[in-house]
Amino acid sequence: NCFLPLKQKSSHIADYCNKLLSRDAEWAPYIGWDVVLIGKDELLKEPALRDIDSQFTISRAAILRTDPYQVYSWHKDEYRGACINMTLTPDWPSHCLFGRDKDYASKYFTELKYDPNTFYVFNNQVDHCVINFDQPRYVFSIEFVQTSDTLNFPEIRDWAISNNV
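Because the structure is predicted, anything quoted here is derived from the model rather than measured.

A word on the pattern of salt bridges. Here the structure, examined in full by the defined rule, presents 9 salt bridges. The network of salt bridges with shared partners includes R60, D77, R80 and E143.

Given below as structure tokens:
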């Protein structure tokens, strides 16, 4: 499994992030992305994220920007076992792909087609990439205090399903 849409939709953070994007936000480089950090007090106004934080402590949240015509190449995250992502630009042309090797030169892939205002538990330990086209791509993303050594996608996925998050 590569991702799981959460049942609880964004009732706050999507609007908050879009307001930030409409201003001149201060962007900073972070492992291949440009980011704007989101304060935890703002993050916890979102019921779904407050529920998740009560079980899996969130360390930080940010808006990630991908430039036009940029590819974030196939990779597995070094330290994140899972994260929570939500697109802020659902109608703009980009692809988020998860892949498994067919052979040395090819992959089979599954695409995560983001729905608006929807949080996704994202498996960072499966090869994934982003292909962006002619407009900047903006994604809200959270990281957990626990790393891939102690927290993984199936644990968060199973908890979210059993708790109807």
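So, next bit.
Below, the discussion takes up the packing of aromatic side chains. Considering all chains together, one arrives at 10 aromatic pairs under this definition. On the basis of an interplanar angle of 50 degrees and a centroid distance of 4.8 Å, the ring pair of F98 and F122 is categorised as tilted. Remark: F122 occurs in strand β9 (residues 118–123) and F98 occurs in strand β7 (residues 94–101); sequence separation between them is 24 residues. F122 carries the same exposure label as F98, and that label is buried.

Bringing the side chain of N124 into the picture now. Among the structural elements, N124 can be located in the loop between β9 and β10 (128–132). Among the polar contacts made by the side chain of N124, one reaches the side chain of D77 at a distance of 2.9 Å. In terms of polar contacts, N124 uses its side chain to reach the backbone amide nitrogen of C83, at 3.0 Å. Aside from chain neighbours lying at most four places away, what touches N124 is K76, D77, R80, G81, A82 and C83.

Membership of the largest hydrophobic core comes to 32 residues, with the highest contact counts inside it found for L49 and F140. With 9 residues, the next largest nonpolar core counts C2, C83, F98 and Y120 among its residues.

So, about the sheet that holds strand β4 (residues 58–66). Judged by pairing direction, the sheet is antiparallel, and its 7 strands sit side by side in the order β1-β9-β6-β11-β4-β3-β2 without closing on themselves. With partners counted over all chains shown, the strands left at the sheet margins are β1 (3–9) and β2 (28–30), one partner each. Neighbour-to-neighbour, the strand axes of this sheet turn through a mean angle of 35 degrees, independent of strand direction. With 5 bridges joining them, strand β3 (residues 33–38) and β4 adopt antiparallel strand pairing. The residue bridging V36 from the neighbouring strand is I63, located in β4. Against the sheet, helix α1 (residues 13–22) contacts β3, β4, β6 (82–87), β9 and β11 (137–144), and its axis sits at roughly 120 degrees relative to β3. The sheet strands contacting helix α4 (residues 153–162) are β1, β6, β9 and β11, and the helix crosses β1 at an angle near 35 degrees.

What counts, and at which threshold
Each residue is numbered by its place in its chain's sequence as written, counting from 1. Since the coordinates come from a predicted model, pLDDT governs what is reported: local features require at least 70, and pairs of side-chain atoms require 80 or more to be given and counted, while whole-chain, interface and lining totals use all residues. Water and hydrogen atoms play no part in the side-chain values, which are based on all heavy atoms of the structure. Basic side-chain nitrogens of Lys or Arg form a salt bridge, by our definition, when they fall within 4 Å of a carboxyl oxygen of Asp or Glu. Pairing of aromatic rings covers Phe, Tyr and Trp, the last counted by its six-membered ring, and requires centre-to-centre distances within 6.5 Å; plane angles under 30 degrees mean stacked, over 60 mean edge-to-face, and any other angle means tilted. Per the convention used, a helix needs a DSSP run of H or I reaching at least four residues, while a strand needs a run of E reaching at least two, with both numbered from the N terminus. Burial classes follow relative accessibility: with a 1.4 Å probe on protein chains only, a residue under 20% of its type's maximum area counts as buried, one over 50% as exposed, and anything between as partly exposed. Here a polar contact is taken to be a pair of N or O atoms separated by no more than 3.5 Å, where protein atoms must pair a possible hydrogen donor with a possible acceptor and residues adjacent in sequence count only if both atoms sit in side chains. Contact between two residues is taken to exist if any of their heavy atoms lie within 4.5 Å; hydrogens are not considered. Side-chain atoms within 4.5 Å are what join buried Ala, Val, Leu, Ile, Met, Phe, Trp, Tyr and Cys residues into a set we call a nonpolar core. Here a strand pair is declared whenever DSSP counts at least two bridges between the two strands. The axes are straight lines fitted to the C-alpha atoms, using for helices just the contacting stretch, and the angles between their N-to-C directions are given from 0 to 180°.

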